[in-house]
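Commentary on secondary and tertiary structure
Here's the letter readout for the chains.
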Amino acid sequence: MPPRNNLIAKRFEQSFDADIRSRFFKGLDFAGPAGDPGWFGPGSAVWYVHSHLPTLILGLVSAAYIEGLDPSISWMGYDHSRLAERVDGVPTGNIDPEGGAVRLAHSISFFIGTAYGSTETAEKLARTVRAMHHTVKGTRPDGLAYDADDPEWLRWNYATVVWGLATAHERYHRRPLHDIDRYYREFVRVGEALGGTDLPATKAETAECLESYLPRLALTPIKAFATGPNLRDSKAKPWEPGSEFMDWAARDMLPRWAQKLALYRPPNPVALRLRRTALWTALNGLYEATGPLPEYRQAQTRAAGKKASPFISTAPATCDPVLTREEIEATA
């Protein structure tokens, strides 16, 4: 555990508290009840992977990238989220950096809360996300309908997320898991809680699942405008979503078939090695300076002496009530 009185740790904690914890961790319980291991518990692969916040964030950014190669998801985000920049309510075709930051903060809250929160906290987060998905329905400009509750969409969405988190961990964590399939097996609990079925449970199954969707994928204008050379004038800081560097990092992690779809050409081998080494050093340097979040340490105390939870299905047993977006946000 690094000393918490170093300058980097203090600045990071202050920034995280102001930008994320105070806004997106409301109502989440990590300290109690005593003896509750939550969905996973000490010694689990999920606890280990998610405790390294820098690689967790990179994994989420990469997951969002490959997820958006599905045209329906591109239009879901364009029509129903704060991602799209709007002037007088009219989308401009650009990405709103603040909207991207809010989306990332919600994702961090969810994946920290479901990993380390109490059982009740994890269930609450899953209910909130399911309720939000129930409101995301519409029609693409080409006339095809989209529905965030569609089982095929849920399976694709799940596969992109677990792939992104696991791949970032394997490539950039200082000490990655030897058995990454343990993480894939455990993480199925999160996908089932969001309504997913027939979910891939190993690295190989996830890779096969992702590639099987290739005939349905495309680079929409939304995606094209927010990637590659089109980000050269981005005002986002290098470590923020929407920056040219984070866009490179996300595309560099993609499977080869997805890199071809996104028109990604890696730099020469020397430059590629230097970039990856610089990113590895930065991610692990930040982690070594700051250590795990306080929420992780609270969960350790809450679940002291408990083993990782045996797998129990978290699939919803009953239908969720129908809520408006305003009602969901008021109770989140």
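Structure shown above.
Quick look at the structure, then. (Residues numbered from 1 in each chain as written. Predicted model: local features only at pLDDT ≥ 70, side-chain atom pairs only at ≥ 80, totals over all residues. Heavy atoms only, no water.)

Its location among the elements puts Ala282 in helix 13 (residues 269-290). Taking the C-alpha atoms as reference points, Ala282 and Tyr172, separated by 110 residues in sequence, lie 9.7 Å from one another. (Helix = DSSP H or I, 4+ residues; strand = E, 2+ residues; numbered from the N terminus.)

Time to look at the nonpolar core. Of all hydrophobic cores here, the largest spans 85 residues; its most connected members are Leu58, Ile66, Ile112, Tyr183 and Phe187. A per-element tally of this core places helix 7 (residues 151-172) first, with 12 residues. Not counting residues within four places of it along the chain, the set of residues in contact with Tyr183 comprises Ala45, Val46, Val49, His50, Val162, Leu165, Ala166 and Leu177. (Core = buried A, V, L, I, M, F, W, Y, C linked by side-chain atoms within 4.5 Å. Buried < 20%, exposed > 50% of the residue type's maximum accessible area, 1.4 Å probe, protein only. Contact = heavy atoms within 4.5 Å.)

This next bit is on the side chain of Ser44. You can see Ser44 is positioned in the loop between helix 1 (7-24) and helix 2 (45-50). A relative accessible area of 3% means that Ser44 is categorised as buried. Engagement of the side chain of Ser44 in a polar contact is seen with the backbone oxygen of Gly41, the distance being 2.8 Å. Apart from the residues lying within four places of it in its own chain, the contact partners of Ser44 are Arg182, Glu186 and Ala308. (Polar contact = N/O pair within 3.5 Å; in protein donor to acceptor, adjacent residues only side chain to side chain.)

Summed over all chains, the structure comprises 1 cavity of 30 Å³ or more. The calculated volume of the largest cavity comes to roughly 30 Å³. Considering the residues around the largest cavity, the lining is formed by His50, Ser51, Leu53, Ile112, Tyr116, Pro292, Leu293 and Tyr296. Broken down by class, the residue content of the lining of the largest cavity amounts to 6 nonpolar, 2 polar and no charged. (1 Å grid on protein atoms, 1.4 Å probe; cavity = no way out; pocket = protein on both sides within 12 Å on 5 of 7 lines; lining within 4 Å. Points joined across faces, edges and corners; volume = space filled by probe spheres on them. Nonpolar A, V, L, I, M, F, W, Y, C, P; charged D, E, K, R; others polar.)

Attention now moves to the layout of surface pockets. Approximately 1100 Å³ is the volume found for the second largest pocket. Looking at the lining of the second largest pocket, the elements with two or more residues in it are helix 1, helix 3 (53-67), helix 5 (97-116), helix 11 (244-253) and helix 13. The element contributing the most residues to the lining of the second largest pocket is helix 1, with 10 residues. Among the residues making up the lining of the second largest pocket, the classes are represented as 27 nonpolar, 3 polar and 6 charged.

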